[in-house]
Amino acid sequence: MNSLAPFEPATPAMIVGRALDGGPAPLGLDEPFALLGGNGLGLDGIRFQVMHDHQPAFLQWVIESCDTCLAAERAWFRAEPMLLTGPQGAGRTHAARWLASVAGVPHAILNLTDPVVAANVAASRTVGEAMWATPVTIAMAATRCANPIVTVLGADGSSDDVAAGLLAMMDSEAGSTWGEDRLGVEMDLGEVSWVLQRDAPDKVPWAIRRRA
């Protein structure tokens, strides 16, 4: 009689959620989630396959991100926040989606022009009428991956409280204890790669421009 092999979490992996009441976290967020993309950090991997010579700044960001991961002996892909400019239809979302595909990580969209999403991002322990969970948390839970690539829409038209919430999510320290209030979970977003789109550069809050 064959026996089932014991469950072995992905390596490397990390815990992305901890219940505020000390109990089990919903959606299995307190289980080990995989950190992916490490096998593509070399010269023939992500930087080669992304093939965005027509977007040199984006390509250089990918190259530098891979080099940083290798130098830090980080066996997964992660990049500092990036601001992508250009009009609608310029291929900004496609670039982020293609990078996620090449790196082998999920791609999620955080649309701050949606008032419900914006309310969730702006809320700090006071969710009110906001949604159940951010698209970022949902994507991580659905794919069991701790380092997705997230496209952020509408940052250039966000209010001060939404911009502050987004900055907290992107910050390496504050983002490691991001509160998903309706879930009662403290999320660690420290390995998320953020790609912000901007249609009107002058309208992007200064603090966000400085961070990305």
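Because the structure is a prediction, the values reported are computed rather than measured.

Brief notes about unusual backbone geometry
Most peptide bonds are trans, and most residues other than glycine sit at a negative phi. The residue Glu73 is not glycine, and still its phi comes out positive at about 55°. Mapped onto the elements of the fold, Glu73 is located in the loop between α2 (56–71) and β4 (82–85). For Glu73, a relative accessible area of 75% gives the class exposed. The phi torsion at Arg144 lies on the positive side, around 55°, for a residue other than glycine. For Arg144, the location among the structural elements is in the loop between α5 (135–143) and β6 (149–153).

Some details on the packing of aromatic side chains
Overall, the coordinates contain one aromatic pair when judged by the stated rule. A ring pair is formed by Phe58 and Trp61, whose centres lie 5.6 Å apart and whose planes are at 45°; its orientation type is tilted. Taken together, the positions of Phe58 and Trp61, both in helix α2 and three residues apart, correspond to about one turn of that helix. Both residues of the pair, Phe58 and Trp61, count as buried.

Some words on the nonpolar core
With 39 residues, the main nonpolar core has Leu110, Leu166 and Trp194 as its most contacted residues. Considering every element that reaches this core, the biggest residue donor is helix α6 (residues 160–170), with five residues. Leaving out residues up to four positions away in the same chain, Leu166 has contacts with Leu110, Leu112, Val121, Val152, Ala155, Leu196 and Ile208. If you look at the next biggest cluster of nonpolar residues, it comprises 23 residues, including Leu59, Cys66, Phe77 and Met82.

Quick notes on the sheet that holds β6
Adjacent strands of a sheet form backbone hydrogen bonds with each other and so pair up, either parallel or antiparallel. Spatially, four strands are ordered β4-β9-β6-β5 in an open sheet, and the strand pairing comes out parallel. Two strands close off the open sheet at either side, each with one partner strand: β4 and β5 (107–111). Strand-to-strand twist across the sheet, computed as the mean angle between neighbouring axes with direction ignored, equals 25°. Direction of pairing for β5 relative to β6: parallel, over a ladder of five bridges. Following the sheet pairing, Leu110 is matched in β6 by Val152.

Conventions used here
Residues numbered from 1 in each chain as written. Predicted model: local features only at pLDDT ≥ 70, side-chain atom pairs only at ≥ 80, totals over all residues. Heavy atoms only, no water. Helix = DSSP H or I, 4+ residues; strand = E, 2+ residues; numbered from the N terminus. Buried < 20%, exposed > 50% of the residue type's maximum accessible area, 1.4 Å probe, protein only. Phe/Tyr/Trp six-rings, centres within 6.5 Å; stacked < 30°, edge-to-face > 60°. Core = buried A, V, L, I, M, F, W, Y, C linked by side-chain atoms within 4.5 Å. Contact = heavy atoms within 4.5 Å. Pairing = 2+ DSSP bridges. Axes fitted to C-alpha atoms, helices over the stretch in contact; angles between N-to-C directions.

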